[in-house]
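Chain by chain, the residues run as shown.
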Amino acid sequence: MQRLWCWRCKCEVPMLDEDEYAKVARLHRESIMAVKEFRERTGASLNDPSIEERFRPVLQEYERLTGMKETNHNAIMHHRLSLYGPPCKRCLRPLRTPKAKLCGSCMSPVTGR
């Protein structure tokens, strides 16, 4: 785990390395499958059980790994170190992707790669 600027959240957050992300992603997939099975079995709507309840294991694992309480399971899924590029040479925020040609924060062209 490493703290890094998230351009979507507009703040510094704990980013997951690949091992940590694999644990969270597995729980996310399991949560989705459990909801599908529950809905097929009962005919329930997407509101039952609630989104928070469905993805609670994902939120709990992220908090266990990072110490940060998150309320949005979708935000966690993009807090993955490998999705981001190196720091911008001008503003030092991470590039939005490893192949970025322009910094999304300061709009400086990426040079020297």
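Conventions used here
Residues numbered from 1 in each chain as written. Predicted model: local features only at pLDDT ≥ 70, side-chain atom pairs only at ≥ 80, totals over all residues. Heavy atoms only, no water. Phe/Tyr/Trp six-rings, centres within 6.5 Å; stacked < 30°, edge-to-face > 60°. Lys NZ or Arg CZ within 6 Å of the ring centre and 35° of its normal. Salt bridge = Lys/Arg side-chain N within 4 Å of Asp/Glu carboxyl O. Helix = DSSP H or I, 4+ residues; strand = E, 2+ residues; numbered from the N terminus. Buried < 20%, exposed > 50% of the residue type's maximum accessible area, 1.4 Å probe, protein only. Core = buried A, V, L, I, M, F, W, Y, C linked by side-chain atoms within 4.5 Å. Contact = heavy atoms within 4.5 Å. Disulfide = S-S within 2.5 Å. Pairing = 2+ DSSP bridges.

(A) Structural view of the packing of aromatic side chains. Overall, the coordinates contain 0 aromatic pairs when judged by the stated rule. Between the NZ or CZ atom of Arg93 and the centre of the ring of Trp5, over which it lies, the distance is 3.5 Å.

(B) Highlighting the pattern of salt bridges. Within this structure, the stated rule accounts for 4 salt bridges. In this structure, Arg80 and Glu18 form a salt bridge, with 2.6 Å as the shortest nitrogen-oxygen distance. With Arg80 in the segment after helix H4 (73-77) and Glu18 in helix H1 (residues 18-42), this pair connects stretches of sequence that are 62 residues apart. For Arg80, a relative accessible area of 22% gives the class partly exposed. A relative accessible area of 36% places Glu18 in the partly exposed class. A salt bridge links Arg64 to Glu61; the nearest nitrogen and oxygen atoms lie 2.8 Å apart. Within this pair, Arg64 and its partner Glu61 are both found in helix H3 (residues 56-66), separated by 3 residues, close to a single helical turn.

(C) Quick look at the nonpolar core. Among the nonpolar cores identified, the biggest contains 17 residues, and Met15, Leu16, Val24, Val58 and Ile76 are the most heavily contacted of them. The residues contacting Met15, other than those within four sequence positions of it, are Met1, Gln2, Leu4, Trp5, Cys6, Glu20, His78, His79, Arg80, Leu81 and Tyr84.

(D) Examining the state of the cysteines more closely. Counted by the stated rule, this structure contains 0 disulfides. The thiol sulfur of Cys6 is not disulfide-bonded, and the nearest other cysteine sulfur, from Cys9, lies at 3.6 Å.

(E) Spotlight on the pairing of strand E1 (residues 2-6). As paired elements, E1 and strand E2 (residues 11-15) share 5 bridges and run antiparallel to each other. Looking across to E2, one finds that Gln2 is bridged to Met15. Taking the residues between adjacent antiparallel strands as the criterion, E1 and E2 are bridged by 4 residues, where Lys10 takes a positive phi near 60 degrees.

Spatial relationships are all this shows, so hold off on functional conclusions.
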